[in-house]
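# Understanding the architecture of this molecule
Here's the letter readout for the chains.
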Amino acid sequence: MSEEPVVYLTREIPQDGLDLLEEHCEVHVWPDPVEPPHDHLVDRLAELEADALYCNVADTVDEAVLDASPNLRAIGTISVGYDHIDLEAARERGITVGHTPGVLAETTADLGWALLMAGARRIVEAHGDVRDGEWETWGPTVLLGRDVHEATLGIVGLGRIGTEFARRAAGFDMDVLYSHTGVNEAAEADLAEYGIDAEYCELEELLDRAGFVSLHVPLFEDTYHMIGEAELRRMDEEAVLVNTARGEVIDADALVEALEGDWIRHAALDVTDPEPIDPDHPLMDYAPEKLTVTPHIGSASTETRSEMAVMTAENVLAGLRGETPPYSAFE
Ligand code: DGY
C-alpha cells in the first residue's frame, strides 16, 4: 500500500504539472478527452480513497463528490473560475480549494480581442466565403464591418482579465467605460499608464454608450443572466457583444431574440449556456453572420496552460500538507 497521498485527475494535464504531482503523490488520471461521468467520478474517488482531486470547469464538484472519499482534503481546479465547485460544502468539510487567478488574464484577454475583431470585421464569415468559392471580386460594399479604432469599449467587470482586455484598447485609441465591480482605482491607475482614461459608470449607461461590450464578471447569483432582454434592447444596433466569462451571464433565449431582431450586430462568445452548445441550438442559426463561437478556449495557450497546471499542482500539494493553498478559492 502506497504511503504517498493519492490524487485523482479528471483529465490529462500539461507535463510540468504532472511531473510535480508525481514527485510527491500516487497519481491516477482519467484517460479520456471528455470528463468522467459524475457517477464514475464519485465511484473512482471512493475506490481510490483519494486524498485529492485535480479537476476543471467541466466537472461538477458537488456534495456527492466531496463525500466520495473519506480522505479527500484538497481540491485544485485548473481554472480561475470555481462556479463548478460547491465551495461552501467544501469549506464545511475542511477541504481546501485552489484555483489559478492572474496567470491566464493576458491569454484570455488576447482571445477576447480575437473575438471582438472577428465580430467587428466579419472574419469567420469572410473566411467561409473564400473557402466556399464565393470570392468573386473586390467590392466596395462587400463584407463591410465596423471600425474598432476610436470606438467606445465597455468592460463589464474590471478585474484581472477585464483590465488586461481594457489595456489592449490603447492601440485602438478607444474610449473605455467600465461597470459592475465599483470604482477600481488601482486598475484605473494601471490603465492610465497606457494612456487609457477608464470611466466608471452604471451598466445601463455603459450599454447605452458602448459600441463594443466585453463581459468579464465571474458567475455568481447577481451575474446570472445579467445580460438579458432589457440589457440587449439598450445596446446599439451596431454593437458587438463579447463574452469570455461564463455562458450563464447572458440569457441565451434573449440573445436569440436580439440576433433575430437585429437589436445588436454580433455576439462573439467563447462561453455558452450550455457547454458544449449543440450545433442545433437556436443560437447557432445566426452563425457566422451574427454569431461567432469558440469552445471555451480563453486560457488555451501552451504557455498559460502549463503554468496553470503547475499552479494547480502547487495548490493541491499545499492542501495535502494541511496548508492553505497559495491560490485559495476561499475569500
Ligand atoms: C477559467 O479559468 O475559469 C476559464 O474559464 C477556463 O480556462
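Note that this is a predicted model, so its numbers are computed, not measured. (Residues numbered from 1 in each chain as written. Predicted model: local features only at pLDDT ≥ 70, side-chain atom pairs only at ≥ 80, totals over all residues.)

### Section: the sheet that holds strand E11 (residues 266-269)
Consider a sheet: its strands pair through backbone hydrogen bonds, and that pairing is either parallel or antiparallel. One open sheet accounts for seven strands, arranged E8-E7-E6-E9-E10-E11-E12; its pairing is parallel. Since the sheet does not close on itself, it has two edges, and those belong to strand E8 (199-200) and strand E12 (291-293), each with one partner. With respect to the sheet, helix H5 (residues 105-121) is in contact with strand E9 (212-215), strand E10 (240-243), E11 and E12, its orientation differing from that of E10 by roughly 155°. (Pairing = 2+ DSSP bridges. Helix = DSSP H or I, 4+ residues; strand = E, 2+ residues; numbered from the N terminus. Contact = placed C-beta atoms within 7 Å. Axes fitted to C-alpha atoms, helices over the stretch in contact; angles between N-to-C directions.)

### Considerations on the site of the ligand
Around the ligand, the surrounding shell consists of Val57, Ser79, Val80, Gly81, Leu104, Gly298 and Ser299. Residues that form the shell around the ligand fall into these classes: three nonpolar, four polar and no charged. (Near = placed C-beta within 6 Å. Nonpolar A, V, L, I, M, F, W, Y, C, P; charged D, E, K, R; others polar.)

### A look at the UniProt feature "domain: D-isomer specific 2-hydroxyacid dehydrogenase catalytic" (unreviewed entry) in the protein chain
Annotation from UniProt places "domain: D-isomer specific 2-hydroxyacid dehydrogenase catalytic" (unreviewed entry) at residues 7-326. Here residues 7-326 runs as 36% helix and 14% strand, with 18 Å between its end C-alpha atoms. (UniProt positions renumbered as here; feature names shortened; annotations may be inferred.)

### A word on the UniProt feature "domain: D-isomer specific 2-hydroxyacid dehydrogenase NAD-binding" (unreviewed entry) in the protein chain
The UniProt feature table records "domain: D-isomer specific 2-hydroxyacid dehydrogenase NAD-binding" (unreviewed entry) at residues 114-298. Segment residues 114-298 splits into 30% helix and 15% strand. End C-alpha atoms: 10 Å apart.

### Focus: unusual backbone geometry
At the junction of Asp273 and Pro274, the peptide bond is cis and its omega measures out at 10° in the coordinates. Cis rather than trans, the peptide bond between Glu275 and Pro276 has omega equal to -10°. Structurally, the position occupied by Pro276 is in the loop between E11 and E12. Look at His180: it is not a glycine, yet its phi comes out positive at around 85°. Within the secondary structure, His180 sits in the loop between strand E7 (175-179) and helix H8 (185-192).

### Let's talk about the confidence of the model for the protein chain
Taken as a whole, the protein chain shows an average pLDDT of 97; of its residues, 99% reach a score of 70 or greater. Quick note on the complex model: pTM equals 0.95, ipTM equals 0.90. (pLDDT = per-residue confidence, 0-100.)

### Looking at the pairing of strand E3 (residues 52-55)
Residues of E3 alternate between two faces, with Ala52 and Tyr54 on one and Leu53 and Cys55 on the opposite face, all of them buried. Note that strand E1 (residues 6-9) and E3 share three bridges and pair parallel. The residue bridging Val7 from the neighbouring strand is Ala52, located in E3. Sheet topology places E3 next to strand E4 (residues 74-77); four bridges connect them, and they run parallel. Following the sheet pairing, Tyr54 is matched in E4 by Gly76. (Buried ≥ 20, exposed ≤ 12 C-beta atoms within 10 Å, placed from the backbone.)

### Thoughts on the domain arrangement of the protein chain
Per the domain assignment, the segments of the protein chain are domain 1 (6-102 + 303-320) and domain 2 (105-293). Between the C-alpha centres of domain 1 and domain 2 there is a distance of 32 Å. Each partner contributes to the interface: domain 1 provides five residues, whereas domain 2 provides six residues. (Domains from an automatic or database assignment.)

### Some words on the nonpolar core
Within the largest apolar cluster, 93 residues are counted, with the highest numbers of intra-cluster contacts made by Val7, Ala166 and Val176. In terms of domain composition, this core takes at least three residues from each of domain 1 (6-102 + 303-320) and domain 2 (105-293). Setting aside residues up to four positions removed in sequence, Ala166 forms contacts with Ile155, Leu158, Val176, Tyr178, Leu191, Ile196 and Ala198. (Core = buried A, V, L, I, M, F, W, Y, C linked by C-beta atoms within 7 Å.)

### A few points about the sheet that holds E4
What the five strands build is an open sheet, ordered E2-E1-E3-E4-E5; its pairing is parallel. Strands at the two margins of the open sheet, each flanked by one partner only, are strand E2 (26-29) and strand E5 (96-98). Averaged over all pairs of adjacent strands, the angle between their axes in this sheet comes to 15°, without regard to strand direction. Of the strand pairs in this sheet, E4 and E5 are connected by three bridges, and their pairing is parallel. Bridging across to E5, Ile75 finds its partner in Val97. Strand contacts of helix H12 (residues 302-320): E1, E3, E4 and E5, with the helix running at about 170° to E4, the strand carrying the most contacts.

### Things to note about the packing of helix H7 (residues 160-167) against H8
The geometry of H7 relative to H8 is characterised by a closest axis approach of 10 Å and an angle of 25° between their N-to-C directions. It follows that H7 is roughly parallel to H8 by the angle criterion. For the pair H7 and H8, the crossing hand works out as right-handed. Facing Thr163, Ala166 and Arg167 of H7, the residues of H8 in contact are Ala187, Asp190 and Leu191. Grouping the amino acids of the contact of H7 with H8 by side-chain chemistry returns three nonpolar, one polar and two charged. (Parallel < 35°, antiparallel > 145°, perpendicular 65-115°, else oblique. Left-handed = near helix turned anticlockwise from the far one by under 90°.)

### Let's talk about the environment of Thr244
Structurally, Thr244 is set in the loop between E10 and helix H11 (252-260). C-alpha separation for the pair Thr244 and Leu115, spaced 129 residues apart in sequence, amounts to 9.0 Å. Thr244 has contacts with Thr108, Leu111, Gly112, Asp270, Val271 and Gly298, leaving out every residue within four places of it along the chain.

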